[in-house]
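As a plain string of letters, each chain reads:
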Amino acid sequence: MNFRRGVVVRIEHGKMVALFSAMAVLGSCSFVPDYQRPDPGSPTAFRQSASELPRPRKEWWRDFASPELDALIEKGLANNHDLKAALHRVAQAEAQATSSRSGLFPLISGYVQHERFGPEGGAGAAVRYNTDWKTSKLTQGGLRMSYELDLWGKNRAAAESAEELVLATEHDRRTVALSLIGDIVTSYFQYLLALEQMVVAEDSRQSVRRQLSAVEQRAKVGEATQIEVMQQRTAVAQADSRIPADGQMSDQALHRLAVLTGAPPGTLRLEGDKLRVIAVPPVAAGLPSEMLQSRPDIARAEAQLRSANADIGVARAKFLPSFSLTGDGGTASPTLASLLSPAALYLTLLGSLTQTIFDAGRTAAEVDFNEARFKELAETYQSTVLIALREVEDALSSSRRLAEQEASHKELVAIAKEAHELSTLSYNAGHLEYLTLLETERARYQAADNALQIRFSRLAAAINLYKALGGMELPAAAGSKGAS
């Protein structure tokens, strides 16, 4: 049975100050564990790093010196739907954080109500007291306040947890943006690669077609066999088949770029056609400690870890009693005429203390759950850091090795070209076997095509390094806090 009793309360000024001082002291309690960032054993420097090279800029894609690429990225950041969805997730997290913070403040509402009840004196009064059955009415209006005193820091911990989740969602937005920019740059380079491969394939096709004519002429005078003619026709057919395959790759890359920039496939038009004009920027990794601060996935993992740490405090505080205050104040009168008179004023104040006695282990299980979740996220954070370190080392190694490979491959391209020219002259003069000519043609095409592949791989390694370093910044989401 629930009893409520309205009382008029008068508290002297000194006693009120003492009451709120005691509440402030109790309100400073917290059961949130002291946070310690897990240390996966980060090195003080990257083994593959070349310290004499500059650190990447925040808008790192501009180092490729391609205005068309810059325009594509600006379009993608403005129109990509996945990035917009991530921005809306930030807004959702901020709304939830605002809802959690509201628990730190009292809830105040206004009300007006009109009651008509009978009989006077309550149910059964007319029979019990042998009186006439009469109805009464009462009109009330005023303010109602309810407030849970946060004695053990439960509400503050819940608000802290929600704030950390806002940061985690903002860092997730940065991760989506970083991945988006990497995909745009990679797709653009794949598009240019396919176009240049088509040029190389077309050059090879023209070369083998010219050689086919020479072989057929020699076969007519008995200086070449029909087998050689068929082999050369096979080489022509192979060269013909490369062009559509390269064209398909360029079309797919163009369609992918359109979607990444928020446009329908088939509507994007580009002017660039050469991969070799794209600059390969020199970059270095800097220090691992800098990477830990710049990578959004690491920041997101730590924000989630901090949120889980605060959730432990929320769960622990549920072991202790909760104290709530509710109060009503306003005017009440059976007639509207006297509703605003001083005599109609009233005040009701109610304090309640609630303590769970038995819940079959639910609160303890909630504490165990949140402590286990914190430990899980601590392991996830350390794994994220180690993976990030590995990605940086891999990208640095790839950048260095591919630069060496490209430098040495230039000589191979020149030698293969010269060998093919000499073999063509020797074959036409009747001083060289056909198979040697065919092999030099294949080697020339393969060397030219591999040169493009190596160039693309160098650019891809630079992209991977920039992404591994988290080397970018975005404007903070509207209303977000703590975002970079």
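Presented here is a report on the structure given in the accompanying data block. Worth saying up front: this structure is predicted, and the values here are computed from it rather than measured.

### Notes on the nonpolar core
Right, on to step 1. Within the largest apolar cluster, 43 residues are counted, with the highest numbers of intra-cluster contacts made by Trp60, Phe64, Val185, Tyr188 and Phe189.
Right, on to step 2. Ranked by residues supplied to this core, first place goes to helix α5 (residues 154-220) with 15 residues.

### Things to note about the layout of surface pockets
Right, on to step 1. Volume-wise, the second largest pocket comes out at about 380 Å³.
Right, on to step 2. What lines the second largest pocket is a set of 15 residues, among which Arg276, Val413, Ala448, Ala451 and Leu452 lie closest to the centre.
Right, on to step 3. Going through the elements one at a time, α5, α9 (362-428) and α10 (434-469) are the ones with two or more residues in the lining of the second largest pocket.
Right, on to step 4. Among the residues making up the lining of the second largest pocket, the classes are represented as 7 nonpolar, 1 polar and 7 charged.

### Structural notes on the pattern of salt bridges
Right, on to step 1. Applying the stated criterion to the full structure yields 30 salt bridges.
Right, on to step 2. In this structure, Arg37 engages Glu302 in a salt bridge whose closest nitrogen and oxygen atoms are separated by 2.9 Å. One end of the pair, Arg37, is in the loop between α1 (13-27) and α2 (67-79); the other, Glu302, is in helix α8 (residues 296-317), with 265 residues separating them in the sequence.
Right, on to step 3. Look at Glu302 and you get buried, because its relative accessible area is 11%.
Right, on to step 4. A salt bridge links Arg373 to Asp311; the nearest nitrogen and oxygen atoms lie 3.9 Å apart. Of this pair, Arg373 sits in helix α9 while Asp311 sits in helix α8, placing them 62 residues apart in sequence.

### What to know about the sheet that holds strand β4 (residues 345-354)
Right, on to step 1. Strand order in the open sheet formed by 4 strands is β1-β2-β3-β4, and the pairing between neighbours is antiparallel. Each having just a single partner strand, β1 (107-117) and β4 make up the two edges of the open sheet. Neighbour to neighbour, the strand axes of the sheet diverge by 20° on average, direction disregarded.
Right, on to step 2. Both strand β2 (residues 136-149) and strand β3 (residues 322-333) contribute to a ladder of 11 bridges, which runs antiparallel. Bridge pairing links Glu148 to Ser324 in β3.

### Side note on the packing of aromatic side chains
Right, on to step 1. In the structure shown here, the tally under the stated rule is 7 aromatic pairs.
Right, on to step 2. Both rings, one in Trp60 and one in Tyr466, keep their centres 4.8 Å apart while their planes meet at 25°; by these two values the pair is stacked. In this pair, Trp60 is assigned in the loop between α1 and α2 and Tyr466 in helix α10, connecting sequence segments 406 residues apart. The pair formed by Trp60 and Tyr466 is uniform in burial state, with each residue classed as buried.
Right, on to step 3. Feature note: the residues Trp60, Trp61, Phe64, Tyr188, Phe189 and Tyr466 constitute an aromatic cluster, connected by ring pairs.
Right, on to step 4. If you follow Arg144 out to its NZ or CZ, it ends over the ring of Tyr111, 4.0 Å from the centre.
Right, on to step 5. When the ring centre of Tyr445 is taken as reference, the NZ or CZ atom of Arg242 above it lies at 3.9 Å.

### What about the pairing of β2?
Right, on to step 1. Sheet analysis places β1 next to β2, joined by 11 bridges and oriented antiparallel. Bridged to Gln113 within β2 is Gln140.

### Looking at the packing of helix α6 (residues 226-260) against α10
Right, on to step 1. Packing of α6 against α10 brings their axes to within 11 Å, and their N-to-C directions diverge by 10°. One finds that α6 runs roughly parallel with respect to α10. Within the contact between the two elements, α6 uses Glu228, Gln231, Gln232, Ala235 and Arg242 and α10 uses Tyr434, Leu435, Leu438 and Tyr445.
Right, on to step 2. In the contact of α6 with α10, the residues fall into 5 nonpolar, 2 polar and 2 charged.

### Quick word on α5
Right, on to step 1. Across its 67 residues, α5 extends 96 Å between first and last C-alpha, which sits within 8% of the 99 Å expected from 1.5 Å per residue.
Right, on to step 2. Downstream of α5 by one or two residues, Gly222 has phi in the positive range, about 85°.

### A few points about unusual backbone geometry
Right, on to step 1. Its identity as a non-glycine residue notwithstanding, Ala65 has a phi of 60°, on the positive side.
Right, on to step 2. Non-glycine residue Ala360 carries a positive phi angle of around 60°.
Right, on to step 3. When you line up the elements, Ala360 lands in the loop between β4 and α9.

Rules behind the numbers
Chains are numbered independently. Their residues run from 1 in the order of the written sequence. Reporting of local features is limited, given that this is a predicted model, to residues whose pLDDT is at least 70; pairs of side-chain atoms are given and counted only at 80 or more, and all residues count toward the totals for whole chains, interfaces and linings. Heavy atoms throughout the structure, all of them, feed into the side-chain values; hydrogens and water do not. For the purposes of this section, nonpolar cores are sets of buried Ala, Val, Leu, Ile, Met, Phe, Trp, Tyr and Cys residues that join through side-chain atoms within 4.5 Å. Classification of residues uses two cut-offs on accessible area relative to the type maximum, computed with a 1.4 Å probe and protein chains only: under 20% is buried, over 50% is exposed, and between them is partly exposed. Helix and strand assignments follow DSSP, with helices taken as H or I runs no shorter than four residues and strands as E runs no shorter than two, numbered in order from the N terminus. Whether a set of points on the 1 Å grid over the protein atoms alone is a cavity depends on a 1.4 Å probe fitting there but being unable to get out, while an open set qualifies as a pocket with protein on both sides within 12 Å along at least five of seven lines; lining residues are those with an atom within 4 Å of a point. Grid points are joined across faces, edges and corners, and a volume is the space filled by probe spheres set on the points. We call Asp, Glu, Lys and Arg charged. Ala, Val, Leu, Ile, Met, Phe, Trp, Tyr, Cys and Pro are nonpolar, and the rest, Gly among them, are polar. Whenever a carboxyl oxygen of Asp or Glu lies within 4 Å of a side-chain nitrogen of Lys or Arg, that contact is scored as a salt bridge. Two strands are counted as paired when DSSP detects at least two bridges linking them. Only C-alpha atoms enter the line fits that serve as axes; for helices the fit covers just the stretch in contact. Angles between N-to-C directions range over 0 to 180 degrees. Here the aromatic set is Phe, Tyr and Trp, taking the six-membered ring for Trp, and pairing holds for ring centres within 6.5 Å; pairs whose planes are under 30 degrees apart are stacked, those over 60 apart are edge-to-face, and all others are tilted. The rule for a charge over a ring is simple: NZ of Lys or CZ of Arg within 6 Å of the ring centre, and within 35 degrees of the ring normal. For this classification, under 35 degrees means roughly parallel, over 145 means roughly antiparallel, 65 to 115 means roughly perpendicular, and everything else is oblique. When checking whether two residues touch, look at their non-hydrogen atoms; a contact exists if any pair is within 4.5 Å. In this scheme, a helix's expected span is set at 1.5 Å multiplied by one less than its residue total.

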